[in-house]
Amino acid sequence: MDFILCRFDRRFCIVLFDQWRSVLRQIKRYTVVCTILSLISSFPALAQSSPWGFEASSYIWLPESTTGIKTEAGNVDSELSVSDALDQLDVGIMLTGVAQRDRWSLVGDLVYLNLEAEENTPFGQLYSKLESDTTLFILNGYVFYQIYHPSDVGVGLGVGARAVDSSVETTLRPGLLPAGSDKVSDDWVDPVLAFRLLGQVSKSWSASLTLDFGGFGSVNASDSTWQGAALIAYQLTDSWLLRGGYRHLYIDREADGQSYDFEMSGALFGVSFRF
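As the structure is a computational prediction, the values presented were derived from the model and not from experiment. (Residues numbered from 1 in each chain as written. Predicted model: local features only at pLDDT ≥ 70, side-chain atom pairs only at ≥ 80, totals over all residues. Heavy atoms only, no water.)

K.L.:
Just give me the short version of the overall build of the protein, but keep the residues and values in it.
P.N.:
A count of helices and strands for the protein gives two helices and 13 strands. Sorting the 275 residues of the protein into buried and exposed places 44% on the buried side. A fraction of 62% describes how many contacts in the protein between residues 6 or more apart in sequence connect residues 24 or more apart. (Helix = DSSP H or I, 4+ residues; strand = E, 2+ residues; numbered from the N terminus. Buried < 20%, exposed > 50% of the residue type's maximum accessible area, 1.4 Å probe, protein only. Contact = heavy atoms within 4.5 Å.)

K.L.:
Any chance you could break down the pattern of salt bridges for me, citing the residues and the numbers?
P.N.:
For the structure shown, the criterion picks out six salt bridges. Between Arg253 and Asp186 there is a salt bridge; the shortest N-O distance is 2.9 Å. Of this pair, Arg253 sits in strand E12 (residues 240-255) while Asp186 is found in strand E9 (residues 180-200), placing the two residues 67 residues apart along the sequence. In this structure, Arg253 and Asp186 share a single accessibility class: buried. When salt bridges with common partners are traced through the structure, they connect Glu55, Arg243 and Arg274 into a single cluster. (Salt bridge = Lys/Arg side-chain N within 4 Å of Asp/Glu carboxyl O.)

K.L.:
Provide a residue-level description of the environment of Asp90, including the pertinent values.
P.N.:
Within the fold, Asp90 resides in strand E5 (residues 89-101). A relative accessible area of 46% means that Asp90 is categorised as partly exposed. A C-alpha to C-alpha distance of 9.4 Å links Asp90 and Ala117, two positions 27 residues apart in sequence. Residue contacts for Asp90: discarding those within four places in its chain leaves Asn114, Leu115 and Glu116.

K.L.:
So what's going on with the confidence of the model for the protein? Which residues, and what values?
P.N.:
When pLDDT is averaged across the protein, the result is 78; 76% of the residues are at 70 or more. Here residues 1-43 scores under 50 on pLDDT; set against residues more than four positions off or in separate chains, the count is 128 contacts. (pLDDT = per-residue confidence, 0-100.)

K.L.:
Provide a residue-level description of the environment of Leu197, including the pertinent values.
P.N.:
With respect to the helices, strands and loops of the structure, Leu197 is situated in strand E9. Judged by relative accessible area, which is 33%, Leu197 ranks as partly exposed. A C-alpha to C-alpha distance of 9.0 Å links Leu197 and Leu211, two positions 14 residues apart in sequence.

K.L.:
Tell me about the packing of aromatic side chains, and please be specific about residues and values.
P.N.:
Under the definition given, this model contains eight aromatic pairs. Considering the side-chain rings of Trp240 and Phe273, the 4.8 Å spacing of their centres and the 50° angle between planes classify their relative orientation as tilted. Residue Trp240 is found in strand E12, and its partner Phe273 is found in strand E13 (residues 258-274); the two are separated by 33 residues along the sequence. What makes Trp240 partly exposed here is its relative accessible area of 42%. For the ring pair Phe273 and Phe275, a centre distance of 5.8 Å and an interplane angle of 20° mean the geometry is stacked. The class for Phe275 is exposed, based on a relative accessible area of 56%. Feature note: the residues Trp52, Phe54, Trp240, Phe273 and Phe275 constitute an aromatic cluster, connected by ring pairs. Positioned above the aromatic ring of Phe144 is the side chain of Arg196, whose terminal nitrogen or guanidinium carbon lies 4.6 Å from the ring centre. (Phe/Tyr/Trp six-rings, centres within 6.5 Å; stacked < 30°, edge-to-face > 60°. Lys NZ or Arg CZ within 6 Å of the ring centre and 35° of its normal.)

K.L.:
Please set out the side chain of Ser105 residue by residue, giving values where relevant.
P.N.:
With respect to the helices and strands, Ser105 occurs in strand E6 (residues 104-119). In this structure Ser105 touches Ala99, Gln100, Tyr142, Val143, Phe144 and Arg196, once residues within four positions along its chain are discounted.

K.L.:
Give me the lowdown on the nonpolar core, citing residues and values where you can.
P.N.:
Core analysis: the largest hydrophobic core is formed by 18 residues, its most contacted members being Trp61 and Val111. Breaking this core down by element, the ones donating at least two residues are strand E3 (53-71), E6, strand E7 (127-148), E12 and E13. The dominant element in this core, judged by the number of residues it contributes, is E13, at four residues. (Core = buried A, V, L, I, M, F, W, Y, C linked by side-chain atoms within 4.5 Å.)

K.L.:
Describe the environment of Ile232, listing the residues and the values that go with them.
P.N.:
Along the chain, the position of Ile232 falls in strand E11 (residues 224-235). C-alpha separation for the pair Ile232 and Gly244, spaced twelve residues apart in sequence, amounts to 5.6 Å. Ignoring any residue separated from it by four or fewer positions in sequence, one finds Ile232 in contact with Trp205, Ser206, Ala207, Leu242, Arg243 and Gly244.

Given below as structure tokens:
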């Protein structure tokens with residue numbers, strides 16, 4: 001369970017509800033998004049004169065989420081299971097794109113989730129129902145340079161950014177008290193440093209490990225954030241691959257004077273097309 005501080009009739013009440021509803025809604029268009037999309041749109045023209053290689057992937061990430069919020073009364077910790085998140089999921093889009101030339105790689109990764117839920121409130125008869133509409137948008141963008149590349153192994157270092165836009169709209173249906181609603185949103189961009197390890201295990205099998213860390217408390221960025229993904233791939237044909245693995249995301253942040261941290265960890269499955 002997470003919490004959001006909601007204000008109704010000049011009184012403050014603490015509403016407890018699932019993690020995915022604690023941070024999120026209203027996607028705003030980042031400049032970084034436009035920049036990455038413009039780069040991607042220019043790749044075909046570059047490919048006519050340069051030996052670029054491309055890979056597009058669609059995947060399903062099934063994370064369990066945990067959140068910790070620092071309050072005057074102490075820390076409030078919460079958990080959202082995979083099954084609960086799937087029950088509440090309305091829309092989910094998860095895509096990755098890679099462009100590579102020689103030792104250089106450009107990587108973009110998009111996660112968009114919209115969750116809608118209705119449940120009983122923690123206030124007994126004061127309100128009849130708690131409804132929430134939650135949106136989470138995460139865009140990761142990296143530039144990698146391969147510093148070590150023997151025949152079957154590649155080691156790359158990179159820089160990039162993680163843009164996050166999140167909001168939640170909650171509505172308390174009337175009970176003994178009249179209805180009330182509130183909307184909380186937050187958006188920011190975290191600069192990150194990244195590391196990537198690629199390995200060809202056999203003719204058909206390959207593996208990868210990607211790590212990033214950043215935030216550094218700069219401007220409106222998180223105090224700290226890191227992400228790790230370990231994947232294995234099986235090559236079905238020259239163009240098609242199946243992927244599976246595990247991914248973890250952690251963010252420690254302060255917004256509007258409220259400190260919180262949240263984690264998303266779980267299995268990942270997808271399919272990739274090379275061209």
